[in-house]
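Now for the letters of each chain:
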Amino acid sequence: MKKVALLCAALVFSAFANEPEEFEGLLTTPGCAAQGAFADCYLENYVCGSDGCFRTTAAGVTTNPPVALYQHNTGKVYTIDTSKLKLSEMREGINKNGVVVIGTLDVATNTIKATEFKSPPPPKKSFFKGCL
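Residues numbered from 1 in each chain as written. Predicted model: local features only at pLDDT ≥ 70, side-chain atom pairs only at ≥ 80, totals over all residues. Heavy atoms only, no water.

Observations concerning the pairing of strand E3 (residues 77-81)
So the rule is basically this: Exposure classes here rest on a 1.4 Å probe applied to the protein chains alone. A residue is buried below 20% of its type maximum, exposed above 50%, and partly exposed in between. By the criteria applied, helices consist of DSSP H or I runs no shorter than four residues and strands consist of E runs no shorter than two, each listed in order from the N terminus. A pair of strands is treated as paired once DSSP finds two or more bridges between them.
Covered by surrounding structure in E3 are Tyr78 and Ile80 only, the residues Val77, Thr79 and Asp81 on the alternate face being uncovered. Note that strand E2 (residues 67-70) and E3 share 4 bridges and pair antiparallel. Among the inter-strand pairings, alanine 68 is bridged to a residue of E3, identified as threonine 79. Counted along the chain from E2 to the antiparallel partner E3, the turn is 6 residues long, and its residue glycine 75 has a positive phi close to 75 degrees. Of the strand pairs in this sheet, E3 and strand E5 (residues 111-118) are connected by 3 bridges, and their pairing is parallel. Note that in E5 the partner of threonine 79 across the bridge is threonine 111.

Considerations on the confidence of the model for the protein
Here is the rule we go by: You can read pLDDT as the predictor saying how much it trusts each residue, on a scale of 0 to 100.
Of all residues in the protein, 82% have pLDDT values of 70 or greater, and the mean over the chain is 77. The weakest mean pLDDT in the protein belongs to helix H1 (residues 2-17) at 51; the strongest belongs to strand E4 (residues 99-106) at 92.

Considering the pairing of E4
Two strands pair when backbone bridges link them, and strand E1 (residues 21-28) and E4 are joined in this way by 5 bridges, in the antiparallel orientation. Each bridged residue has a counterpart across the sheet, and for glycine 25 the counterpart in E4 is valine 99. Here 7 bridges tie E4 to E5, and the two strands are oriented antiparallel to one another. Following the sheet pairing, valine 100 is matched in E5 by lysine 118. Between E4 and the antiparallel strand that follows it, E5, lie 4 residues; asparagine 110 among them carries a positive phi value of about 60 degrees.

Side note on the packing of aromatic side chains
Applied cut-off: Working definition: a ring pair exists when centres of Phe, Tyr or Trp rings (six-membered ring for Trp) sit within 6.5 Å. Plane angles under 30 degrees give stacked, over 60 give edge-to-face, the rest tilted.
All told, the structure shown has 1 aromatic pair when counted by the stated rule. With 5.6 Å between their ring centres and 50 degrees between their planes, phenylalanine 23 and tyrosine 78 make a pair best called tilted. With a gap of 55 residues between them, phenylalanine 23 in strand E1 and tyrosine 78 in strand E3 connect regions that are remote in the sequence. Both residues of the pair, phenylalanine 23 and tyrosine 78, count as buried.

Next comes the structure, spelled out in structure tokens:
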């Protein structure tokens, strides 16, 4: 009887272990996250992968640099596997806070295998009332 209960518990646990989770944070590159340069991260990092890479990369050639998610509350940086997503869809969330990446976490490599991406809503329009 105990073996059956343990087997059922193991099956239930394994079913929930592969369930996608939500990760929220700032979408950036691993290099910018390691430097802590979030607002000062050069745009070339998102095109070819590092500072000064335009000197060695031919004009018009774009690569797929790695994308990372930085969580402010824990200080962790997760590399995102974007093989199931279009990187062009994720570009609207680059260098923005409040990005939600849905996927499964591979603890051994600290990589999120992303299945879905949600960008934060744009800021509300405001109207300045007063004199300058």
